[in-house]
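Inside the fold
The lines below spell out each chain.
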There are 2 protein chains.
Amino acid sequence: METPPPLRLTFIFFIIIFLFLCSRYSFKLPPAFSGESQATAWLHNSMSRLRARSGSVPEIQIHEPRNHMEDVPHHPLDPLTMQEIYRVRTILSTHPPFSPSFPAIHSLSLDEPRKDLVLSWKEGDPLPPRKALVIALLNGQSHVLSVDLDLGLVTSNKINHRSGYPMLTMNDISVALEVALSYKELNRSAVKRGLSPSDVTCVTPSAGWFGPSEEGRRVIKVQCFSNQGTPNFYMRPLEGLTMTVDIDKKVVVKFTDTGGEIPVPKATGTDYRFKNQKEPLKIKAINPISIEQPLGPSFTVEDGHVVKWANWEFHLKADQRAGMVISRAMLSDSETGVPRSVMYKGFSSELFVPYMDPDENWYFKSYMDAGEFGMGATAMSLVPLNDCPRNSYYMDGIFASWDGTPFVQPNMICVFERYAGDISWRHSEIPVNGFDIREARPKVTLVARMAASVGNYDYIFDWEFQTDGLIHVTVALSGMLMVKGTPHQTVDQMPSQEAASGPLVSENVIGVLHDHFITFHLDMDIDDTNNTFVKVDLVKERTLPGQSPRKSYLKAKRNIAKTEDDARIQLKLYEPSEFQVINPSRRSQVGKSSRVQDRPRRERS
Amino acid sequence: METPPPLRLTFIFFIIIFLFLCSRYSFKLPPAFSGESQATAWLHNSMSRLRARSGSVPEIQIHEPRNHMEDVPHHPLDPLTMQEIYRVRTILSTHPPFSPSFPAIHSLSLDEPRKDLVLSWKEGDPLPPRKALVIALLNGQSHVLSVDLDLGLVTSNKINHRSGYPMLTMNDISVALEVALSYKELNRSAVKRGLSPSDVTCVTPSAGWFGPSEEGRRVIKVQCFSNQGTPNFYMRPLEGLTMTVDIDKKVVVKFTDTGGEIPVPKATGTDYRFKNQKEPLKIKAINPISIEQPLGPSFTVEDGHVVKWANWEFHLKADQRAGMVISRAMLSDSETGVPRSVMYKGFSSELFVPYMDPDENWYFKSYMDAGEFGMGATAMSLVPLNDCPRNSYYMDGIFASWDGTPFVQPNMICVFERYAGDISWRHSEIPVNGFDIREARPKVTLVARMAASVGNYDYIFDWEFQTDGLIHVTVALSGMLMVKGTPHQTVDQMPSQEAASGPLVSENVIGVLHDHFITFHLDMDIDDTNNTFVKVDLVKERTLPGQSPRKSYLKAKRNIAKTEDDARIQLKLYEPSEFQVINPSRRSQVGKSSRVQDRPRRERS
C-alpha cells in the first residue's frame, strides 16, 4: 500500500493584541497566583502529607537534573543520544572537507528511518541503522550531510546552491549582538538618549534578505532597548534604531537611527517579576489549589520516550527545530485491546509572525520562529507547579550546539494527567417517563506540554489525548509584546489613532498590530497507511413540490480527494464542512470506514 | 444616560454528529471514569482525610436538601421565594377572571425591577417593590399578568391575541403522553412490531403548527420507542409512527404509521448505565484524581445568590426558562479595589435544534429547547464529583409548577474554582542577554455550571470568570442521539449512503444530521450603561510607491455602530474583525475608553 503524502492543516490564530493591551486598565495577575508564594509552599505542605501516607503512594516526581551520558536509544525514532552526537562530531571532523576547519553546525538530528522500517519494527527487534542528518556551514556554503553511525561514515554531502541559509545558531545570535554592541554609532545613539552603553540590551528581530544590498550574504537585523530598571526591556525600545549585521563578516553593514526625538518609554510598572511586586493588588487572594492523585498518575513513560496512558500509546521526543514531536500515536480498540494506528507523526512545522507596520524599522519584522530560531532551541525549563501541575513527568531535550557538541535543554517537556472538573459524558432523564437516570463521567485527559520562549513571546504547546480518540492541539500565547516607541503620551496628542500601526498601550508605547500563523505537519495513519481524505460539505437541498412541508434542508455531500491538491481546504463558517481521513480498507460492523475527523470549533480558552 | 439596547450575539455550533457516531468503532468511556466506582470511593477517602485536619479547614460542601420555606429575598434580582410564589398564587386565585376556575400557570417568575432602580440599589437599602410576571392559560386564552406582591394585586392583565402559545408545562407533556399511550391505534402498532403496550415509551419531540389543519389549536407531536431491555429507548424508535395530540381537547387529532416494515433496532449494547456494564473495556484504568484545596475554596456565596471571588462579584440565579442568569457582573479595579460594572445581564436566550430530514415523521423536528421546554425546567440535579469537582457549591432552583405551587429543582447549579494545570501567564528569557527569567502563574478561574437534559440531549453550560476580566461561556453537548429507524443493517444494503438523511450508526439506525444553534442575551455595561459598540476591521492597506519594501499590510479600521442594526455582525474567518463594547466617557491614563471585546477563537474543547 502506498503511503499518502502527509496531510497538512493550517490553523490560523488571529491574536488581536488589543485584548492584552488595556494599558493602565489591564487587570494584573494577583499575587495569589505566583509560584513563589502559594504553589511552592503548597507543594511542600502536600508532599509531607503524601510522604506520611502508605508506601504504595509514589513520591511526586520533582525532576532532578539527569546524567544523559549513559542514554541509549531503544526505539527507531528515539532522538540522537549525547554519545551519538559526539560520535557524529568525530565522524564529521574526519570528513575531508571539514578538516582542519570544522564547520558551524546548524542542525544535527536523527535522520529518521524510512516509515516502512519504523512500522515493521517490533519491541525487542534490533534498531534500524542509526543515521544523522546534519546541516553545516563552511566558508559560506551550507552542506546537507547524511552520517551513518554504524558505518562511521558520511554517506552523503550535498551543497545547497539555492538561496537561503540554515537556521540561526545561538552563536550566530551572540556574534550579531557582540558586533552590534561594540559598534560606536550605537553608543552615540544610546548616550544621545541619556543611556550609558551598559543600559543597552539588543535582540535580533529578523534574519532574511530585504533588497539587493542584502542579497547573497548572511545578514540579520539588530535592534536595541534600555534594560535600565527592568527585565522587561522590550517595553523600552530605542525606537528608530536599526543595525544590519553581516554574521559571517562580523560587521555592521548598515546603521540607521531616525528616532532621536522619540523618548525611551519609562521603566515604571514594567517589571513583571513576582518578587518585585511592591504594592499588593486590590484583589482577594486565591487559596492554594492543586491536583490530588493518592495513587499517583496513571501514565508511564517507557525508555524515556514511549508514553502509555488509558487506551493511548505514543512516542514523544524533543526536537531542536519543531520543539515537540508526537509519533506512532496508537489507540487500543476498546473491545479487543488491540492498538490501532491513528497518527504516524504530528508537530508544529512553522510559526510565522508578520507585523503590520511598513515603517523602515518595522517592515522586516516577519518572524519564522521555528525555521529561524527553533522552537526546541528556545524552549526553556518549565516551572514545576506553575507551568505544569503536580505529578508531572519532565523530559529533557538533547540538542547539538553550533560546535557539534551536545547540550541538555532540561525539563523542556512535561507530561501530565489533566483534570479540570469537566464532564466527559453525562445524561439525566426528566422524570416524565419514570426513568431515574443520573449518569455522569468526569473528564480526564493526558497532556504533553512545552513552552517556547522566542524572544518576547512564549508559546505554550499542548497535545491533549482524550479516551474517546480525540487528539486536541492547543497553542496558547504568553509573554511580552514587541512594541514601538512614539513621541505621544496620550491618545489626544496623536494626530489620528488610525494613523498609528496599533493602539497606544501606555505612555510613548504603541502595540503594533500583528498575526501569529501556526502550521502543523499531521501525518495521519488511520489503522494503517492506506488512507483517503474526504471532505463532507453540508449543502442546502430543496424539497420537491408536495414532498414535504419543509422547503429545504441540509444534506451531507462526500467529496473524496483524488490528489493532494483536492485535499486543500478552507474553513468556512457559513458553508460548514467536515473533514475525514478514512481507511477505506477497514470497515466497521455496519460497513463504515474507520476515520478521523476535524471540524470548525470555537471553544474554551 | 440612555441605556443602550442589549447587545445580542449569536454563537452557532455546528455539531457534526458523525463524530459521536463511529458505530461499533466508537471508543466507549472506561469504567475508571465512573462516579459509582472511583470518584465516590475517592470522595470518602479524601473527606475522612480532610476531617482529620485542622478545624480551620472547611468541610467539603455536600449539598443536603434545604428547606426553602424560610427563604427571603435580599437583592432586587433575587428570584421569587417559595412563600412569594404561594402568595402570587393566592393573589391570582382572587383575581376575578380566575375564580372559580384557576388557570394553568405556564410562567411565574420575578418581574425584575427597572434597571435604574437595580443600579441605584445599595446593600442595606429596602428592596424595590417585588413583582411577579405571570403567563397563564385559561379557556384557550393566554394572559400576561403583572402581580404586585406588596399591594397584593394583579396590576395588569393583557390577553395575547396574536398566534402562538406559552411554554409547555410538565402537565401539558404528561397529558399529551397519557392521551397518546391510551390510543388504541398505538397499541396495534406496538403489537404489530412484537411489543407489548408496557414496552412503549413516548416523547413529545415538537410543539408548533405545521399546516392549516393544525392552526389555532395547541397541538404537539408524540413519537414512541421501545424501552425493552434498555433505558436508552431513544435508540429503539417505532419509526414511521407519529401522533398529533390536541393538548387542550386531550385527543389524538392525527395518527400515522408508515413504518410497519422498519424493525425496531436491537437493545443490545445500548444500556449506558455504569452499573450494567458487563464486560470491562480493554483499557488501562485511570487512578483517582481530584482537586485539592487544603484551605477550602476562595469564593463565597452571600445570601444565596451573590458570588464573590478574587476580583469578581456577580449575582447568580436559576431561571425556569433560561436556566442560569448572571447579573451585575462586576470586576474590582486591581489598583483602587473599586468594583467596576462589566455586564448587567447575561443568559442563553434560546437553543434551536432543526433536524435535516424532510420525511413525514421528521420534517417538524425543530426544537426550541428554551422556549418550549425550558432550560431550567429540564435541568436535573448535578452529580457531585462527576458533574462538578470537589468543593463545589450547589444552588437549587425554585420554580412554579403548572398549578401555581412552587417546587424545588435541587442541586441544579454548581459553582467551583477551576484548575486544570494550565498557565495564565508566563515568560522565560533565553540566556543570550544574561537575564535569568522563569516567571509562570498557574491559571485558576471560577465556573458557574448547569446541565439541562432536554429529552435525549444534555447541554452543559459553563460561565467561566478569569481574573484578567474575561468571561468565557462554553456550551458542551452530551447525552443521547435522536435517531431514525431504517430497514438496513449495513451500509452495503443501502441503495446510496447519500440518499439517507444521515450516516448508518448501527444496525437499523440512522443518525439524522442536525444543528444546534444557541443564542445569548448579553447586556454589557462597561463601567456604566453609556456604552458604544465598535467593530474594528483589519483591512489590507497598500503602501505608496517607494514608501516601504512592503507592498501591503493590515490596518485596523474602527466603525462605531450608530444604530442597533449597525451592530449586527457576521464572523468572517478571512476578514478578521474585533468587536468592542466601549464606554466613551471613561478613559484610561493614556486616554483610551474602557472596553470589552469579543473575537473569533478556535480553542480548547
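We now turn to the structure provided with this report. (Residues numbered from 1 in each chain as written. Chains lettered and ligands numbered in written order. Predicted model: local features only at pLDDT ≥ 70, side-chain atom pairs only at ≥ 80, totals over all residues. Heavy atoms only, no water.)

**Here we look at the interface of chain A and chain B**
On the chain B side, the residues contacting the 182 residues of chain A number 184 residues. Together, the buried faces of chain A and chain B total about 16900 Å²; carbon and sulfur atoms form 57% of this surface. One can count 12 salt bridges joining chain A with chain B. A total of 13 residues in the side of chain A that touches chain B trace back to one element, the largest contributor, which is strand S18 (residues 406–428) of chain A. Looking at the side of chain A that touches chain B residue by residue, the classes come out as 81 nonpolar, 53 polar and 48 charged. (Contact = heavy atoms within 4.5 Å. Buried area = accessible area lost by both parts, 1.4 Å probe. Salt bridge = Lys/Arg side-chain N within 4 Å of Asp/Glu carboxyl O. Helix = DSSP H or I, 4+ residues; strand = E, 2+ residues; numbered from the N terminus. Nonpolar A, V, L, I, M, F, W, Y, C, P; charged D, E, K, R; others polar.)

**Examining the side chain of Ser478(B)**
Tracing the chain through its elements places Ser478(B) in strand S21 (residues 471–479). Residue classification places Ser478(B) among the buried positions, given a relative accessible area of 7%. (Buried < 20%, exposed > 50% of the residue type's maximum accessible area, 1.4 Å probe, protein only.)

**Considering the relation of the copies chain A and chain B**
Screw-axis analysis of chain A against chain B gives a translation of 0.0 Å along the axis, an RMSD of 0.0 Å, and a rotation angle of 180°. The superposition operator between the copies reduces to a two-fold rotation axis. (Least-squares fit on C-alpha atoms with pLDDT ≥ 70 in both.)

**Looking at the pairing of S18(A)**
Residues and elements named next belong to chain A. Of all 23 residues in S18, 19 are buried; the element is thus mostly enclosed. As defined by bridge partners, strand S17 (residues 393–400) adjoins S18 across seven bridges and the pair is classed as antiparallel. In the sheet register, Phe-399 faces S18, and the bridge partner there is Phe-407. Hairpin connection of S17 to S18: five residues between the antiparallel strands, including Gly-404 at a positive phi of 85°. Direction of pairing for S18 relative to strand S19 (residues 438–454): antiparallel, over a ladder of 12 bridges. Its bridge partner being in S19, Arg-418 is matched across the sheet by Thr-445. (Pairing = 2+ DSSP bridges.)

**Concerning the sheet that holds strand S18 (residues 406–428) of chain B**
Within a sheet, each strand pairs with its neighbour through backbone hydrogen bonds, oriented either parallel or antiparallel. All names here are of chain B. The strand order across the open sheet formed by five strands is S17-S18-S19-S20-S21, and the pairing between neighbours is antiparallel. Each of the sheet's edge strands pairs with one partner strand only, and the pair in question is strand S17 (393–400) and S21. Averaged over all pairs of adjacent strands, the angle between strand axes in this sheet comes to 30°, irrespective of strand direction. Sheet topology places strand S20 (residues 457–465) next to S21; nine bridges connect them, and they run antiparallel. Paired with Asp-462 across the strands is Thr-474, a residue of S21. (Axes fitted to C-alpha atoms, helices over the stretch in contact; angles between N-to-C directions.)

**Quick word on the environment of Val144(A)**
Residues and elements named next belong to chain A. Along the chain, Val-144 falls in strand S4 (residues 141–148). Taking the relative accessible area as the measure of exposure, Val-144 reaches 34% and is therefore partly exposed. Ignoring any residue separated from it by four or fewer positions in sequence, one finds Val-144 in contact with Leu-133, Val-134, Ser-156, Asn-157 and Lys-158.

**Points about helix H4 (residues 170–181) of chain A**
Between its first and last C-alpha, H4(A) extends 16 Å over 12 residues, near the 16 Å set by a 1.5 Å rise per residue. Burial in H4(A) covers these residues: Asp172(A), Ile173(A), Val175(A), Ala176(A), Leu177(A), Val179(A) and Ala180(A). (Expected span 1.5 Å × (residues − 1).)

**Describing unusual backbone geometry**
Residue and element names in this part refer to chain A. The omega torsion of the bond from Ser-99 to Pro-100 falls at 10°, within 30 degrees of zero and hence cis. Mapped onto the elements of the fold, Pro-100 is located in the loop between helix H2 (82–93) and strand S2 (104–110). For Arg-328, which is not a glycine, the phi torsion comes out positive at approximately 50°. For Arg-328, the location among the structural elements is in strand S14 (residues 323–332). The exposure class assigned to Arg-328 is buried, which follows from its relative accessible area of 15%.

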